[in-house]
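Next come the chains, spelled out residue by residue.
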Amino acid sequence: MFGRSVGKTFVTGGTGHVGANLVRALLERGEAVKALVRNKGDRALRGLDLEEVVGDLHDEAGIARAMAGCDHVYHLAAFVSLRAGARREIFDVNVRGTQHVMSACLAKGVQRVVFCSSFGAVGRAPDGGVSDETCALDPFDTDLDYDLSKSMAELEVHRAYASGLDAVIVNPSGIVGPWDVKPSSLGKTIIDFSERRIPAYIPGSFELVAMRDVVAGHLLAMKHGRAGQRYILSGRLCTVDELLDELERLTGKARPRLRVPPSMMMPVAHLSSAFMRSFFPRTPPRFTPGTIKLLGRGKRASTEKAQRELGYRPTSVFAALGEQYDWFRERRIIR
């Protein structure tokens, strides 16, 4: 379906949600894959026929050495955080780490790199309509430090592009699909819903995309993307109620009866976030002020550019939700 690489394909973040799926797709296409990992033997890649190189995004020279012999690069590695208070780590990994990867790509003469950003790095449309790739993120009106870091990381990609690097950016929205090893924030919601650990919910809406479409979008961007451009990868805007309806159908469990208005939940989120940050810094809270704001904004995504230039065709988000749920059940993550 897509052209193969001649040399090896280098992937950062191969043990993450997107990475575990993309690496499998690359191997199925017959590509030789080299993955930068924090530790060898991670269960996300266990048993796969690829080369794992232990490294860190802080080490620019080490990344360049690991990239030797690779002609295509997918930069997926990121520190994902929906909470406030982790700004230093978010900046060091997402911004400075991207700078290091782009510099290594330039030094090694990589043919093309695809950088996985986020729909969160795309701004809201000025007229309140659908957001497309031209919408700049307002740094003074961002809900999450993660979104701002991804926007700043895109600047590093554009800087490398201006220096001669053939680079393309993709911006996935909230991702639904299998091989969610860690698991993701949405994955935890699926697990907690199935285990009846969600006492209440907050109404709102957000963009979701099937994992298979995110993988296809990366491969399409590698082959057809215009250098220096970014492409939004999304499926549809989903309300929280629609998501809960589908989880009810999948699990046979009833949704939480308590529906809490955002205005009532916001003070609680401020208190719980401060408490969790102080006493349980490694445990992400279920809701933060930033995520509540995101649900209320209901920012909509346009995939017109990706469809027109890449041939991107989004599929069913709810079918992907079923695949993710089945994946959890098969591995007894959901009992």
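Residues numbered from 1 in each chain as written. Predicted model: local features only at pLDDT ≥ 70, side-chain atom pairs only at ≥ 80, totals over all residues. Heavy atoms only, no water.

**Quick word on the sheet that holds strand β1 (residues 8–12)**
Step number 1: Sheet architecture is open: seven strands sit in the order β3-β2-β1-β4-β5-β6-β10, paired in parallel fashion. Across the chains shown, the open sheet's two edge strands, defined by having one partner strand only, are β3 (51–54) and β10 (230–233). Along the sheet, successive strands turn relative to each other by an average axial angle of 20°, direction set aside.
Step number 2: Pairing of β1 with strand β4 (residues 70–75), which is carried by five bridges, proceeds in the parallel orientation. In the strand pairing of β4, Thr12 is matched with His75. (Pairing = 2+ DSSP bridges. Helix = DSSP H or I, 4+ residues; strand = E, 2+ residues; numbered from the N terminus. Axes fitted to C-alpha atoms, helices over the stretch in contact; angles between N-to-C directions.)

**Some remarks on the pattern of salt bridges**
Step number 1: On inspection of all chains with the given rule, the structure shows 26 salt bridges.
Step number 2: Here Arg197 ties to Asp192 by a salt bridge, and the two come within 2.9 Å at their closest N and O atoms.
Step number 3: According to the relative accessible area criterion, Arg197 is partly exposed, its value standing at 41%.
Step number 4: Overall, the relative accessible area of 13% leaves Asp192 in the buried class. (Salt bridge = Lys/Arg side-chain N within 4 Å of Asp/Glu carboxyl O. Buried < 20%, exposed > 50% of the residue type's maximum accessible area, 1.4 Å probe, protein only.)

**Examining the pairing of β10**
When a strand is regular, its side chains alternate between the sheet's two faces.
Step number 1: Side chains of β10 alternate between two faces, with Arg230 and Ile232 and Tyr231 and Leu233 buried alike.
Step number 2: Note: strand β6 (residues 167–172) against β10, four bridges, orientation parallel. Residue pairing in the sheet places Ile169 in a bridge with Arg230 of β10.

**Regarding unusual backbone geometry**
Keep in mind that most residues, glycine aside, have a negative phi and that most peptide bonds are trans.
Step number 1: In this structure, the amide linkage connecting Lys182 to the following residue, Pro183, adopts the cis form with an omega of 0°.
Step number 2: Considering the arrangement of structural elements, one finds Pro183 in the loop between β7 (174–176) and α5 (185–194).

**What about the sheet that holds β7?**
Step number 1: Read across the open sheet, the three strands follow the order β7-β9-β11; overall the sheet is mixed. In this open sheet, the two strands that pair with only one neighbour each are β7 and β11 (236–239). Mean inter-strand twist for the sheet, computed between neighbouring axes without regard to direction, equals 50°.
Step number 2: Bridge count between strand β9 (residues 205–210) and β11: four bridges; the pairing is antiparallel. Across the sheet, the residue bridging to Ser205 is Thr239, located in β11.
Step number 3: Contacts from helix α6 (residues 211–224) reach β7 and β9 within the one sheet, and its direction differs from that of β9 by about 65°. (Contact = heavy atoms within 4.5 Å.)

**Describing the packing of helix α7 (residues 240–251) against helix α11 (residues 317–330)**
Step number 1: Contact geometry of α7 with α11 gives a least axis separation of 11 Å together with a crossing angle of 45°. By the angle between their directions, the pair α7 and α11 is classed as oblique. Crossing of α7 over α11 shows right-handed handedness. Residues Glu242, Leu243, Glu246, Leu247, Leu250 and Thr251 of α7 form the contact with α11, whose participating residues are Phe318, Leu321, Gly322 and Tyr325.
Step number 2: Counted by class, the contact of α7 with α11 contains six nonpolar, two polar and two charged residues. (Parallel < 35°, antiparallel > 145°, perpendicular 65-115°, else oblique. Left-handed = near helix turned anticlockwise from the far one by under 90°. Nonpolar A, V, L, I, M, F, W, Y, C, P; charged D, E, K, R; others polar.)

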